[in-house]
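# Breakdown of the fold
Each chain is listed here by its residues.
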Amino acid sequence: MTEYTIVIEDAGSNFAAYVIGLDGVITTGESVEEVIENMHEAIPFHLEGMRLHGEELPERLPIVKTIHVAS
C-alpha cells in the first residue's frame, strides 16, 4: 500500500483536488468527503493506465510539511 498526499481546494461552487507527486490525477466533488471518495477511485485508475502504457510508477513521492509563519 502506498500513501498519497492530496490537496483539496475550495473551488467556489464545489471542491477540487489533486495528488502531489502524481501528475494528472484530479477530481472534484460537492464536499470534501466526496472528493476523498473520488480520489480513492481516481488514483488506482490512473496507476493502472500508467501500467498499461508501460510508464514507470513514481518510486519516491515528495515530502510534504506544513509550516507556520507570522503574517
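Figured I'd write up the structure that's included with this text. For clarity, every value in this text was computed on a predicted model and none was experimentally measured.

### Structural notes on the nonpolar core
A17, V19, L22, V25, V35, M39, A42, I43, L47 and M50 together form the largest nonpolar core, which totals 10 residues. Among the secondary structure elements, those contributing two or more residues to this core are β2 (15-19) and α1 (32-52). Broken down by element, the residue count for this core peaks at 6 residues, all from α1. Not counting chain neighbours up to four residues away, the residues in contact with I43 comprise Y4, I6, V19, L22 and V25.

### Looking at the sheet that holds strand β1 (residues 6-10)
In space, the 3 strands of this open sheet follow the order β1-β2-β3, with antiparallel pairing throughout. The open sheet terminates on both sides in strands that have one partner only, identified here as β1 and β3 (26-29). In this sheet, adjacent strand axes meet at a mean angle of 20° when their direction is disregarded. Bridge count between β1 and β2: 5 bridges; the pairing is antiparallel. Following the sheet pairing, I6 is matched in β2 by V19. Relative to the sheet, α1 contacts β1, β2 and β3, its axis offset from that of β3 by approximately 150°.

What counts and what doesn't
Residues numbered from 1 in each chain as written. Predicted model: local features only at pLDDT ≥ 70, side-chain atom pairs only at ≥ 80, totals over all residues. Heavy atoms only, no water. Core = buried A, V, L, I, M, F, W, Y, C linked by side-chain atoms within 4.5 Å. Buried < 20%, exposed > 50% of the residue type's maximum accessible area, 1.4 Å probe, protein only. Helix = DSSP H or I, 4+ residues; strand = E, 2+ residues; numbered from the N terminus. Contact = heavy atoms within 4.5 Å. Pairing = 2+ DSSP bridges. Axes fitted to C-alpha atoms, helices over the stretch in contact; angles between N-to-C directions.

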